[in-house]
Amino acid sequence: MNNPHPVNNMPKRTALLIGAAGLTGGHCLQFLLQDKIYEKVIVFVRKKLPLIHEKLEQHVVNFDQLKATAPDFRADDVFCCLGTTIKKAGSRENFRKVDFEYPLASAQLAFEKGARQFLLVTAMGADKSSLIFYNRVKGEIENAIQKIPFSAIHLFRPSLLLGARGENRTGEKLGTVLFNLTAPLFVGPLRKYKAIEARAVAGAMVSCAKKNQTGIFVYESDEIQRLFDAS
């Protein structure tokens with residue numbers, strides 16, 4: 001699937017980040033602001049972030065009317081960290097909006113404006129044919145994004161995400177405790193199931209974007225960790 005060919009070197013770029021208020025998105029924003037390759041970082045958010053930085057450009061948008069409310073999708077690299085849970089979304093319909101409709105609309109608009117790369121966080125087990133609704137939606141968005149002819153598409157499938165959230169997810173907290181207790185067991189083929197820090201996912205995303213590759217790339221959790229460790 002991978003077809004790494006170098007594209008024109010772009011020493012200074014503009015990044016567009018969608019989902020900056022989330023766990024992975026927050027870390028991704030920090031990496032982008034710190035990276036000298038990116039001279040501008042645009043974020044589309046529902047509510048303005050309490051952050052000021054000379055490179056940061058914030059736009060409050062209505063994701064249900066993205067084309068009408070988003071001022072400009074012009075960027076070189078698009079990072080999409082949108083994601084929710086069915087419990088938080090309130091229904092399967094709302095979950096699908098956040099995890100499928102919003103990322104797809106963002107990708108389509110960004111491509112129309114000349115974006116070269118799209119980097120998307122999905123989840124371990126993403127499969128458009130899955131009988132599990134969550135995994136099926138994640139697989140469907142991967143499949144839809146791959147039909148857009150970006151120069152490069154990077155799909156990240158992390159296992160359980162670790163990190164301090166601004167919201168209470170009891171199930172994930174219990175899962176984190178369990179994963180920490182059983183971490184030594186995740187070796188060999190089981191390594192991809194090991195929980196991963198959201199910061200590592202974000203760092204791997206930025207690292208991959210800077211490689212200037214072309215093609216479609218899929219990273220399971222263990223490979224995401226290796227990419228971050230090597231960055």
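As the structure is a prediction and not an experimental result, all values here were calculated from the model.

Each value, and the rule that gives it
Residues numbered from 1 in each chain as written. Predicted model: local features only at pLDDT ≥ 70, side-chain atom pairs only at ≥ 80, totals over all residues. Heavy atoms only, no water. Helix = DSSP H or I, 4+ residues; strand = E, 2+ residues; numbered from the N terminus. Buried < 20%, exposed > 50% of the residue type's maximum accessible area, 1.4 Å probe, protein only. Contact = heavy atoms within 4.5 Å. Areas by Shrake-Rupley, 256 points an atom, 1.4 Å probe, with all protein chains shown as cover. Expected span 1.5 Å × (residues − 1). Bend = angle between axes of the 7 residues up to and from the residue. Polar contact = N/O pair within 3.5 Å; in protein donor to acceptor, adjacent residues only side chain to side chain. Pairing = 2+ DSSP bridges. Axes fitted to C-alpha atoms, helices over the stretch in contact; angles between N-to-C directions. Core = buried A, V, L, I, M, F, W, Y, C linked by side-chain atoms within 4.5 Å. Phe/Tyr/Trp six-rings, centres within 6.5 Å; stacked < 30°, edge-to-face > 60°. Lys NZ or Arg CZ within 6 Å of the ring centre and 35° of its normal.

Novice: Help me out: how do you make sense of the overall build of the protein chain in this one?
Specialist: Secondary structure assignment for the protein chain yields 8 helices and 9 strands. In the protein chain, buried positions account for 50% of the 231 residues. A separation of at least 24 residues holds for 70% of the contacts in the protein chain among residues at least 6 apart in sequence. A total accessible area of about 11,700 Å² is found for the protein chain, and carbon and sulfur atoms account for 53% of it.

Novice: Sorry, what's going on with helix α4 (residues 92–112) here?
Specialist: Because the α-helix completes a turn every 3.6 residues, residues three or four places apart line up on one side. Over its 21 residues, α4 runs 29 Å from end to end, which matches the ideal 30 Å to within 8%, given 1.5 Å per residue. Considering bend angle alone, the principal kink of α4 is centred on Val98 and spans about 35°. Here α4 has its buried residues at Phe95, Val98, Asp99, Phe100, Tyr102, Pro103, Leu104, Ser106, Ala107, Leu109 and Ala110. Each element contacted by the buried residues of α4 is listed here: β1 (13–18), α2 (66–69), β4 (77–80), α3 (86–89), β5 (117–121) and α5 (133–146). A positive phi of about 100° marks Gly114, the residue just after α4.

Novice: Just checking my understanding: could you explain the environment of Ser130 for this structure?
Specialist: When you line up the elements, Ser130 lands in the loop between β5 and α5. Given a relative accessible area of 12%, Ser130 falls into the buried group. Spatially, the C-alpha atom of Ser130 lies 9.7 Å from that of Glu140, the residues being 10 residues apart in sequence. A distance of 3.0 Å separates a polar atom in the side chain of Ser130 from the backbone nitrogen of Ile132.

Novice: Please clarify how helix α7 (residues 198–209) should be interpreted in this entry.
Specialist: Taking 1.5 Å per residue as the helical rise, α7 with its 12 residues ought to reach 16 Å, and the 17 Å between its terminal C-alpha atoms agrees with that figure. Residues of α7 that are buried include every one of Ala198, Ala200, Val201, Ala202, Gly203, Ala204, Met205, Val206, Ser207, Cys208 and Ala209, and no others.

Novice: Just to check I follow, could you spell out the sheet that holds β1 for this structure?
Specialist: Paired through their backbone hydrogen bonds, the strands of a sheet run either parallel or antiparallel. Across the sheet, 7 strands lie side by side as β3-β2-β1-β4-β5-β6-β9; this open sheet has parallel pairing. Each edge of the sheet is formed by a strand with only one pairing partner; in this case those strands are β3 (56–60) and β9 (215–220). Ignoring strand direction, the axes of neighbouring strands in this sheet form an average angle of 15°. Pairing of β5 with strand β6 (residues 152–157) involves 5 bridges; the strand directions are parallel. Residue pairing for β6: Phe118 is matched across the bridge by Ile153.

Novice: What is the right way to read the nonpolar core from this model?
Specialist: Where a protein is soluble and globular, its nonpolar side chains tend to be buried together. Grouped together as the largest cluster of nonpolar side chains are 36 residues, with contacts concentrated most on Leu17, Leu29, Leu32 and Phe79. If you list the elements that add at least two residues to this core, you get β1, α1 (23–34), β2 (38–45), β5, α7, β9 and α8 (221–230). At 9 residues, α7 tops the list of elements feeding residues into this core. The residues contacting Leu17, other than those within four sequence positions of it, are Gly25, Cys28, Leu29, Leu32, Ile42, Val43, Phe44, Phe79 and Cys81. One finds Val61, Phe63, Val78 and Ala107 within the second-largest nonpolar core, a separate group that totals 34 residues.

Novice: Is there a simple way to explain the packing of aromatic side chains in this structure?
Specialist: The description of two aromatic rings rests on the distance between their centres and on the angle between their planes. The tally for this structure, following the rule as stated, stands at 10 aromatic pairs. Ring geometry for Phe63 and Tyr102: centres 5.5 Å apart, planes at 35°, overall tilted. Of this pair, Phe63 sits in the loop between β3 and α2 while Tyr102 is found in helix α4, placing the two residues 39 residues apart along the sequence. Across the pair, exposure class does not vary: Phe63 and Tyr102 are buried alike. Note that Arg96 overlies the ring of Phe100, its terminal NZ or CZ placed 4.3 Å from the centroid.

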